Amino acid sequence: MEDELLKKIMLDLQKKLSTKRFNHSIGVMRKAIQLANIYKQDELQAAKVGLAHDIAKEMSKEEILNYVNENNIKADETELQNLGLLHGKIGADICKKRYNFTDDMCMAIINHTTGDVSMSFFDKIIFVADKIEEGRKWDGVEEIRIIADKDIDLAIIKLIDKSIQKCIKKNEIIHINSIQLRNKLIQKKDSNNL
Ligand SMILES: [Fe+2]
Ligand SMILES: [Fe+2]
């Protein structure tokens, strides 16, 4: 896939991110293209958003707080307790200003961290691609890769289940957005099965 902006983002990320995170970004780009192809979404936009989604992931706590203050980013209480969650909102703001990403593209970056009930289909693709790209090796990822090609909502439910289990084990906060999204998707499935 040849595109000037895609090349520019790639060069920026190469400078900004560790090799591990850079490789993850390439993996998400590839998976996002695949899923966009299956679900008839814009492949080039999926590639750009998949590639750039973690652009703010390696900022220090101090850099995060400075960025939030200087750029008027609205952070909720959970995000302030767990600053890492803000890399979605900050990443979207960077991509809007530096790469002129559309609002829809930015929204997918914002929603890739915790998910949200308002997610579009495009957002869902990025959310799932982030968790199942080829570099992800966690137990059960293969099963979700197969589900994701057929039923993106079911893949999201299973991914949130997994992340809630991890939060419980590590005694971490579970963001309310993930729980609300899971509830919504389960209710939607139940009503479809009536
Ligand atoms: Fe991320
Ligand atoms: Fe990521």
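Notes on the structure follow.

The subject of this paragraph is the pattern of salt bridges. Evaluation of the coordinates by the stated rule reveals 16 salt bridges. Linking K7 and E2 is a salt bridge whose minimum nitrogen-to-oxygen distance equals 3.7 Å. Residue K7 is classed as partly exposed on the basis of its relative accessible area of 42%. Put simply, R30 and E134 hold a salt bridge, and the shortest N to O gap is 2.4 Å. Of this pair, R30 sits in helix α2 (residues 19-38) while E134 sits in the loop between α8 (121-132) and α9 (141-148), and the two are 104 residues apart along the sequence. On the basis of relative accessible area, E134 is assigned to the partly exposed category, the value being 45%. In the salt-bridge network here, residues are joined through shared partners; they are E2, E4 and K7.

Further remarks concern the environment of I168. Tracing the backbone through its elements, the reader meets I168 in helix α10 (residues 152-170). Put simply, I168 and V28 are 140 residues apart on the chain and 26 Å apart in space, counted from C-alpha to C-alpha.

This part covers the packing of aromatic side chains. Both the distance between ring centres and the angle between the ring planes are used here to describe each pair of aromatic rings. Applying the stated criterion across every chain, the model contains two aromatic pairs. Between Y39 and F121 the ring centres are 5.1 Å apart and the planes differ by 55°, which places this aromatic pair in the tilted class. Here Y39 is found in the loop between α2 and α3 (43-52), whereas its partner F121 is found in helix α8, with 82 residues between them in sequence. For F121, a relative accessible area of 33% translates into the label partly exposed. Here the aromatic rings of Y99 and F101 are separated by 5.9 Å at their centres, their planes lie at 40°, and the arrangement is tilted. What makes Y99 buried here is its relative accessible area of 4%. F101 gets classed as buried once you look at its relative accessible area, which sits at 1%. The ring centre of F127 lies 3.8 Å from the NZ or CZ of K131, which sits over that ring.

Taken together, H24 (NE2), H53 (NE2), D54 (OD) and D130 (OD) make up the full set of protein donors to the iron ion (ligand 2), lying 2.2 Å away. Classification of the site at the iron ion (ligand 2) as irregular follows from its four donor atoms and the range of 81 to 174° in their angles at the metal. Mapping the donors of the iron ion (ligand 2) onto the primary sequence gives the spacing H-x28-H-D-x75-D.

A few words on the coordination of the iron ion (ligand 1). The iron ion (ligand 1) binds to the protein through D54 (OD), H87 (NE2) and H112 (NE2); the donor distances cover 2.1 Å. Between the iron ion (ligand 1) and the iron ion (ligand 2), a spacing of 3.4 Å is present, and a bridge between the two is formed by D54. Here H87, found in helix α6 (residues 87-99), pairs with H112, found in the loop between α7 (103-111) and α8; they are 25 residues apart in sequence, far enough to count as distant.

Rules used throughout
Residues numbered from 1 in each chain as written. Chains lettered and ligands numbered in written order. Predicted model: local features only at pLDDT ≥ 70, side-chain atom pairs only at ≥ 80, totals over all residues. Heavy atoms only, no water. Salt bridge = Lys/Arg side-chain N within 4 Å of Asp/Glu carboxyl O. Buried < 20%, exposed > 50% of the residue type's maximum accessible area, 1.4 Å probe, protein only. Helix = DSSP H or I, 4+ residues; strand = E, 2+ residues; numbered from the N terminus. Phe/Tyr/Trp six-rings, centres within 6.5 Å; stacked < 30°, edge-to-face > 60°. Lys NZ or Arg CZ within 6 Å of the ring centre and 35° of its normal. Donors = N, O, S within 2.8 Å, 3.2 Å for Na, K, Ca; no water. Tetrahedral: all angles 85-135°; square planar, octahedral: opposite > 155°, others 65-115°.

Just distances and angles here, no functional claims.
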